[in-house]
Structures are given as C-alpha cells and as structure tokens.
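The lines below spell out each chain.
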Amino acid sequence: MHQRHHPVAFSLLLAAWALPAAAQSNISPTDKFSWSENCGWMNWADAGNPAGAQGAIIAGTFAS
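Residues numbered from 1 in each chain as written. Predicted model: local features only at pLDDT ≥ 70, side-chain atom pairs only at ≥ 80, totals over all residues. Heavy atoms only, no water.

## With respect to the overall build of the chain
- A count of helical and extended segments in the chain gives 1 helix and 2 strands.
- Reading the chain from its N end, one meets helices and strands in the order α-β-β.
- Taking as baseline every contact in the chain between residues at least 6 positions apart, the subset at least 24 positions apart corresponds to 29%.
- Here the chain has roughly 5,700 Å² of accessible surface; of this, 63% comes from carbon and sulfur atoms. (Helix = DSSP H or I, 4+ residues; strand = E, 2+ residues; numbered from the N terminus. Contact = heavy atoms within 4.5 Å. Areas by Shrake-Rupley, 256 points an atom, 1.4 Å probe, with all protein chains shown as cover.)

## Things to note about the pairing of strand β2 (residues 40-43)
- Relative to β2, strand β1 (residues 33-36) is paired through 4 bridges, and the arrangement is antiparallel. Bridge pairing in β2 places F33 opposite N43.
- Between β1 and β2, which follow one another and run antiparallel, lie 3 residues. (Pairing = 2+ DSSP bridges.)

## A closer look at the packing of aromatic side chains
- A full pass over the atoms with the stated rule returns 1 aromatic pair.
- When the centroid spacing of 5.5 Å and the interplanar angle of 65° are considered together, the rings of W35 and W41 count as edge-to-face. With respect to burial, W35 and W41 carry one shared label: exposed. (Phe/Tyr/Trp six-rings, centres within 6.5 Å; stacked < 30°, edge-to-face > 60°. Buried < 20%, exposed > 50% of the residue type's maximum accessible area, 1.4 Å probe, protein only.)

## A few points about the environment of D31
- The topology assignment puts D31 in the loop between α1 (7-22) and β1.
- With a relative accessible area of 61%, D31 lands in the exposed category.
- For the pair D31 and W44, spaced 13 residues apart in sequence, the C-alpha to C-alpha distance is 9.0 Å.

So this is what it looks like as structure tokens:
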C-alpha cells in the first residue's frame, strides 16, 4: 500500500531542522564590540539566551 506524506508535517520538520542553523553568528568573540555616538557600545555577538544565540551575521551581500 502506498503512503502519502503530509506536506504540512514535512514543512514543520524542515523548519525545525533549519532553526539552529539560522542562529550561528560569524562575529569574532574578541572583536565583537563597536561604538556609536548615538547608541554607545554595542555587542554584536552575545545577544539572546543563551548568550550568542542571536548574534549578528555579516556576509558579502547582507547583514542580519
């Protein structure tokens, strides 16, 4: 008997698998601070809980 896979279940599984990959920051742990006259010191690597879970990602064509 042929089983039909649910596209919703597959989408949820794919989304759960992709979430940890989205949280990996490429900011150096030693060079993670910047200064802005309007904002003060900013830490680009240690955001989120646990620390580093929502750090910035800098690429050749985008920053997120």
